[in-house]
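Spelled out, the chains give:
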Amino acid sequence: MADDRHDLARSNRFAGAEDRRDTNRYPAAYRIARLKRGSDVGLAHVRNVSDGGMMVHTDMALAPDEKVEIMLSANMLMAGRIVWSERGRYGVAFLETQDAEEIVAALMHEQKAESYRAQRLPVDAEAILATSSQAYPIDLVDISANGAGFRTTHSLEAGQIVELLLPGDDVRRTAVIRWSKGDRGGLWFSIPLDRNALALVRGKGRTH
């Protein structure tokens, strides 16, 4: 509750500083967006959105006046700049005015579609996948709060229940194999990952 009051106060100050007319801010139900800064890509929780900007929470280190791209869905990309930051929270001012009401309505419509897929972060990291009979490493190729894509030489079946140990983590997370074809597959987490778990995977990715 205290964080919500803090966020509301910060939102109001941001709105007033950017544009006194920009008062209609819509909660985004912690929508996860893909955020890009130069060649660096990460995930961010969108706390609210207005015609002039949005508030996001991310573990990416962003600086005031830095330009970013925010992808709310496969069909919705917008550019902005950082106008304030505080303990992982950032105010983003859009470079072009948006219609926040239409954005929220479109996102709700997309989320109800059968083809909906949460924003995923491309990664190159090794995780441990455990079945009822064995455990072995797999290569994660992308990840979101709800699921992950992977590569493996082992045979898996859609609907199979597994456990996943993420890089740098000691929590065995239950998941279900959504699909498997050749050396590629996808899984869903039984409990969505939180922001800290996503940041951990991003930080433990391999470099080339």
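This is a predicted model, so every value here is computed, not measured.

Cut-offs and rules
Residues numbered from 1 in each chain as written. Predicted model: local features only at pLDDT ≥ 70, side-chain atom pairs only at ≥ 80, totals over all residues. Heavy atoms only, no water. Salt bridge = Lys/Arg side-chain N within 4 Å of Asp/Glu carboxyl O. Buried < 20%, exposed > 50% of the residue type's maximum accessible area, 1.4 Å probe, protein only. Helix = DSSP H or I, 4+ residues; strand = E, 2+ residues; numbered from the N terminus. Contact = heavy atoms within 4.5 Å. Patch = residues over 30% accessible without salt bridge, like charges linked within 9 Å, V, L, I, M, F, W, Y side chains within 5 Å. Areas by Shrake-Rupley, 256 points an atom, 1.4 Å probe, with all protein chains shown as cover. Lys, Arg positive; Asp, Glu negative; His and termini not counted. Charge placed at Lys NZ, Arg CZ, Asp CG, Glu CD. Pairing = 2+ DSSP bridges. Axes fitted to C-alpha atoms, helices over the stretch in contact; angles between N-to-C directions. pLDDT = per-residue confidence, 0-100. Core = buried A, V, L, I, M, F, W, Y, C linked by side-chain atoms within 4.5 Å. Polar contact = N/O pair within 3.5 Å; in protein donor to acceptor, adjacent residues only side chain to side chain.

### Structural notes on the pattern of salt bridges
Right, so step 1: The tally for this structure, following the rule as stated, stands at six salt bridges.
Right, so step 2: A salt bridge links Arg 37 to Asp 40, with the nearest nitrogen and oxygen atoms 2.8 Å apart.
Right, so step 3: Put simply, Arg 172 and Glu 163 hold a salt bridge, and the shortest N to O gap is 2.7 Å.
Right, so step 4: For Glu 163, a relative accessible area of 28% gives the class partly exposed.
Right, so step 5: In this structure, a network of salt bridges that share partners links the residues Arg 37, Asp 40 and Glu 66.

### A short note on the environment of Val 201
Right, so step 1: Relative to the assigned elements, Val 201 resides in helix H3 (residues 195-203).
Right, so step 2: The exposure class of Val 201 is buried, given its relative accessible area of 1%.
Right, so step 3: Along the sequence, Val 201 and Asp 169 sit 32 residues apart, while their C-alpha atoms lie 8.6 Å from each other.
Right, so step 4: The contacts of Val 201, once residues within four sequence positions are left out, are Val 123, Leu 140, Ile 143, Leu 166 and Pro 167.

### Brief notes about a negative patch on the surface
Right, so step 1: On the surface, Asp 51, Asp 99, Glu 101 and Glu 102 cluster together into a negatively charged patch.
Right, so step 2: Relative to the elements of secondary structure, Asp 51 occurs in the loop between strand E2 (40-49) and strand E3 (53-57).
Right, so step 3: Residue class for Asp 51 comes out partly exposed when judged on its relative accessible area of 32%.

### Some thoughts on the sheet that holds strand E10 (residues 161-165)
Right, so step 1: Ordered in space as E7-E8-E9-E12-E11-E10, the six strands form a closed barrel in which the pairing is antiparallel. Going across the sheet, the axis of each strand differs from the next one's by a mean of 45°, ignoring polarity.
Right, so step 2: Where strand E8 (residues 135-143) and strand E9 (residues 147-151) come together, four bridges link them in antiparallel fashion. Counterpart to Ile 143 in the pairing with E9 is Ala 148.
Right, so step 3: In the packing of H3 onto the sheet, contacts are made with strand E7 (121-130), E8 and strand E11 (172-181), and the angle to E8 comes to roughly 100°.

### Some points on the confidence of the model for the protein
Right, so step 1: Looking at the protein as a whole, its pLDDT mean stands at 83, while 82% of the residues score no less than 70.
Right, so step 2: Per-element averaging of pLDDT across the protein places helix H1 (residues 2-18) at the bottom with 48 and strand E6 (residues 89-94) at the top with 96.
Right, so step 3: Low pLDDT, under 50, characterises residues 11-22; the stretch is placed with 21 contacts to residues that sit more than four places away or in other chains.

### Looking at the nonpolar core
Right, so step 1: Core analysis: the biggest nonpolar cluster contains 25 residues, and Leu 129, Ile 138, Leu 140, Ile 143, Leu 164, Leu 187 and Phe 189 have the highest contact counts within it.
Right, so step 2: Those elements giving two or more residues to this core turn out to be E7, E8, E9, E10, E11, strand E12 (184-189) and H3.
Right, so step 3: Contacts of Ile 143, omitting those with residues within four sequence positions, involve Leu 43, Gln 119, Arg 120, Leu 121, Val 123, Ala 148, Leu 166, Phe 189, Leu 193, Leu 198 and Val 201.
Right, so step 4: Within the second largest apolar cluster, 21 residues are counted, among which are Ala 33, Val 56, Tyr 90 and Ile 103.

### A short note on the side chain of Thr 152
Right, so step 1: Positionally, Thr 152 belongs in the loop between E9 and E10.
Right, so step 2: Accessibility expressed as a relative area gives 7% for Thr 152, which makes it buried.
Right, so step 3: In terms of polar contacts, Thr 152 uses its side chain to reach the backbone amide nitrogen of His 154, at 3.1 Å.
Right, so step 4: Contacts of Thr 152, omitting those with residues within four sequence positions, involve Tyr 136, Pro 137, Ile 138, Gly 182 and Asp 183.

### A word on the pairing of E7
Right, so step 1: Across eight bridges, E7 lies against E8 in antiparallel orientation. Paired with Leu 121 across the two strands is Ile 143, which belongs to E8.
Right, so step 2: From the end of E7 to the start of E8, which pair antiparallel, there are four residues.
Right, so step 3: Sheet topology note: the E7/E10 ladder contains three bridges and is antiparallel. Within the sheet, the bridge partner assigned to Ile 128 lies in E10 and is Leu 165.

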